[in-house]
Structure formats: structure tokens, C-alpha cells
Amino acid sequence: MESLLTDDALQDRNRFAESWSDLPRDSHMGDGGTYRRRRFAVFAMNGSLERLPHRPHYQSRDHNPLNGGIERWFAPVTDEDGLSPLLRGLLQTMASVISVAEGERERTVEVHQFRIEAEAATPGQPTPEGMHRDGVDWVFMMLVDRRNVTGGESEIQTPGGEALARFTLRQPFEAVLLDDRRLVHGATPVARRDPDLPASRDMLVVTFRPAQSNT
């Protein structure tokens with residue numbers, strides 16, 4: 001991934017990664033969990049990249065039986081991070097890859113900063129809804145950091161449940177791009193390696209779908 005980004009983007013990576021330490025807690029967990037923190041932003045991409053006014057995130061219950069069916073207002077990605085050379089470089093790079101697969105088109109891009117925390121006696125759930133699709137076209141998932149955790153193994157299957165891949169993102173910038181229309185994905189819980197120290201798994205998740213109305 002690093003070789004695809006500009007020098008400005010690579011120089012921004014430490015500052016960008018540090019912004020995960022300021023994520024507010026997700027207050028919309030259907031299981032009552034307090035293990036997830038996040039920020040959210042929406043962009044329009046049509047050659048250039050334009051950040052859109054803040055809006056709620058919505059998924060149907062078909063795609064998210066735990067937290068779907070409601071408008072979820074999350075704290076916005078900060079202005080500084082929305083202008084991050086690293087983030088913008090990643091979005092442009094993934095859009096170029098997707099365009100090779102299915103052609104140029106205007107897209108709506110949703111950016112999610114996630115931190116999953118594991119308590120001493122309670123694991124954190126990266127995908128509490130289980131194996132799922134996000135209801136978009138493409139999903140990009142990049143590890144930002146993992147601290148003092150075990151688990152967090154990513155799983156990719158066909159919609160019929162056939163296992164296609166199991167792997168663990170361990171190094172910052174390790175990432176996967178998948179076709180959400182054809183595949184389902186999930187990740188196993190994370191637990192503390194050392195029960196006396198804080199533990200977290202930080203992920204950047206970006207989804208792409210055709211633009212319908214970006215107003």
C-alpha cells in the first residue's frame with residue numbers, strides 16, 4: 001500500500017493514526033456494548049473528491065440485524081483528518097482500482113474510523129452483527145494499529161457460507177478490498193493479551209457505491 005501513496009501522504013501517517021485516540025464512543029450499539037468508538041464522514045467522488053455535509057449513517061436490518069433500521073448519528077471525522085493527504089490518497093487509489101474493475105462513475109464514499117476495545121474480562125466485537133454485507137458495492141478495510149490484542153481474525157465467505165479466506169491484519173497499512181455484492185465478511189473478537197494493559201484494534205473502513213443523490 002505504501003508504494004501507491006505520495007510522500008505527503010506517507011509523512012502524514014503517524015499524525016493520522018494518532019487521531020484514533022480521540023474517537024467518541026459509539027452510542028448506538030444494539031447489544032448495549034461500550035467497546036466501540038468511531039467517527040464518520042461522507043464524500044462525493046467524481047474525478048475530484050468533495051466532502052459532503054454531515055449526515056447519519058443508515059443500514060437496513062437485512063444488512064445489519066443488530067444496529068440497522070435506524071439513522072445513526074456518529075461524531076464527524078475531524079476537518080483535519082478529512083483533509084488528510086493520507087486519507088485522500090487512499091480514497092483516490094481505491095477509486096482508481098475499482099474503476100479498472102467496473103469503469104469510471106460518480107460514487108458516494110463513506111469513511112469510518114473504528115476503535116474496538118477489549119476489557120480485562122470482556123472481549124471486543126469488531127463485527128457484532130456477525131458475518132455480513134454492508135449493502136454497498138465495495139468495502140476497503142485497513143488496519144491502522146493493534147495494541148495488546150489477540151484475535152481479530154478476518155473472515156471472507158460466499159453468501160452461501162463457503163469459506164474463502166481467513167487472515168489476520170497485523171501490520172499498519174495491511175488492507176483488503178472486497179466486492180460487497182458477492183461476498184460476506186466478519187472478524188473474530190479481540191481479547192487482551194496482557195489482562196493488565198489496555199487493548200484496542202483500530203481500523204479504517206471505507207465503502208463505495210454509485211452516487212444517487214449526494215445532497
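Residues numbered from 1 in each chain as written. Predicted model: local features only at pLDDT ≥ 70, side-chain atom pairs only at ≥ 80, totals over all residues. Heavy atoms only, no water.

### Thoughts on the overall build of the chain
Reasoning step 1: Looking only at helices and strands, the chain has four helices and 13 strands in total.
Reasoning step 2: Compactness check: the chain gives a C-alpha radius of gyration of 17 Å against a globular reference of 17 Å for 215 residues, within 12% of the reference.
Reasoning step 3: Once the C-alpha set of the chain is aligned to its principal axes, its extents read approximately 45 × 40 × 30 Å.
Reasoning step 4: Nonlocal contacts in the chain, meaning residues at least 24 apart in sequence, comprise 78% of its contacts between residues at least 6 apart.
Reasoning step 5: Working note: accessible area of the chain is about 10,300 Å², and carbon and sulfur atoms make up 48% of it. (Helix = DSSP H or I, 4+ residues; strand = E, 2+ residues; numbered from the N terminus. Rg over C-alpha atoms; globule rule 2.2 N^0.38 Å. Contact = heavy atoms within 4.5 Å. Areas by Shrake-Rupley, 256 points an atom, 1.4 Å probe, with all protein chains shown as cover.)

### A word on the pattern of salt bridges
Reasoning step 1: This structure, assessed with the given rule, holds 19 salt bridges.
Reasoning step 2: When the shortest N-O distance is used, the salt bridge between D22 and R39 registers 3.4 Å. With a gap of 17 residues between them, D22 in the loop between α2 (13-18) and β1 (36-46) and R39 in strand β1 connect regions that are remote in the sequence.
Reasoning step 3: For R39, a relative accessible area of 11% translates into the label buried.
Reasoning step 4: Between D26 and R36 there is a salt bridge, and its shortest N-O distance comes to 3.0 Å. A residue pair is termed long-range when its members are at least 10 positions apart, and D26 in the loop between α2 and β1 and R36 in strand β1 qualify at ten residues.
Reasoning step 5: What makes R36 buried here is its relative accessible area of 5%.
Reasoning step 6: Counted as one network, the salt bridges with shared partners bring together E102, R107, D137, D179, R181 and R182. (Salt bridge = Lys/Arg side-chain N within 4 Å of Asp/Glu carboxyl O. Buried < 20%, exposed > 50% of the residue type's maximum accessible area, 1.4 Å probe, protein only.)

### Points about the packing of aromatic side chains
How two aromatic rings sit relative to each other is set out by the distance from centre to centre and by the angle between their planes.
Reasoning step 1: Using the criterion set out here, one finds two aromatic pairs in the structure.
Reasoning step 2: Considering the side-chain rings of F16 and W20, the 5.1 Å spacing of their centres and the 85° angle between planes classify their relative orientation as edge-to-face.
Reasoning step 3: The class of W20 is buried, set by a relative accessible area of 0%.
Reasoning step 4: Residues F40 and F74 carry aromatic rings whose centres are separated by 6.5 Å and whose planes lie at 75° to one another, so their mutual orientation is edge-to-face. Here F74 lies in the loop between β4 (71-72) and α3 (79-82) and F40 lies in strand β1, a separation of 34 residues in the sequence. Accessibility classification places F40 together with F74 in one group, the buried group.
Reasoning step 5: Over the face of the ring belonging to F74 we find R38, whose NZ or CZ atom lies 3.8 Å from the ring centre. (Phe/Tyr/Trp six-rings, centres within 6.5 Å; stacked < 30°, edge-to-face > 60°. Lys NZ or Arg CZ within 6 Å of the ring centre and 35° of its normal.)

### Some details on the environment of R147
Reasoning step 1: Relative to the helices and strands, R147 is located in strand β6 (residues 138-147).
Reasoning step 2: Given a relative accessible area of 32%, R147 falls into the partly exposed group.
Reasoning step 3: Distance in space between the C-alpha atoms of R147 and P172 is 11 Å, their sequence separation being 25 residues.
Reasoning step 4: Setting aside anything within four residues of it in sequence, one finds R147 in contact with R115, P198, A199, S200 and D202.
Reasoning step 5: A polar side-chain atom of R147 sits 3.0 Å from a polar atom in the side chain of D202. (Polar contact = N/O pair within 3.5 Å; in protein donor to acceptor, adjacent residues only side chain to side chain.)

### Section: the nonpolar core
Reasoning step 1: Membership of the largest hydrophobic core comes to 26 residues, with the highest contact counts inside it found for F43, L91, V109, V111, L204, V206 and F208.
Reasoning step 2: Discounting residues that sit within four places of it in the chain, V109 has contacts with A41, V42, F43, M45, L91, V206, T207 and F208.
Reasoning step 3: Counting residues in each nonpolar core, the second largest holds twelve residues, with V139, L183, M203 and V205 among its members. (Core = buried A, V, L, I, M, F, W, Y, C linked by side-chain atoms within 4.5 Å.)

### Things to note about the sheet that holds strand β5 (residues 107-118)
Reasoning step 1: Taken in spatial order, the six strands of this open sheet run β2-β1-β5-β13-β6-β10, and their pairing is antiparallel. Either end of the sheet is taken by a strand with one partner, and the two such strands are β2 (48-51) and β10 (175-179). The mean angle between the axes of side-by-side strands here comes to 25°, regardless of whether they run parallel or antiparallel. (Pairing = 2+ DSSP bridges. Axes fitted to C-alpha atoms, helices over the stretch in contact; angles between N-to-C directions.)

### Here's the deal with the sheet that holds strand β11 (residues 184-187)
Reasoning step 1: Strand order in the open sheet formed by three strands is β9-β8-β11, with antiparallel pairing between adjacent strands. Taken across any chain shown, the strands that pair with only one partner, and hence form the sheet edges, are β9 (163-168) and β11. Taken pair by pair, the neighbouring strands of this sheet meet at an average axis angle of 15°, ignoring direction.

### Notes on unusual backbone geometry
Reasoning step 1: Positive phi, normally seen in glycine, also occurs at N148, with a value near 55°.
Reasoning step 2: Note on placement: N148 falls in the loop between β6 and β7 (149-151).
Reasoning step 3: Residue class for N148 comes out buried when judged on its relative accessible area of 19%.
Reasoning step 4: The backbone of F173 sits at a positive phi, close to 85°, despite the residue not being glycine.
Reasoning step 5: By the secondary structure assignment, F173 is in the loop between β9 and β10.
Reasoning step 6: Since its relative accessible area comes to 12%, F173 is described here as buried.

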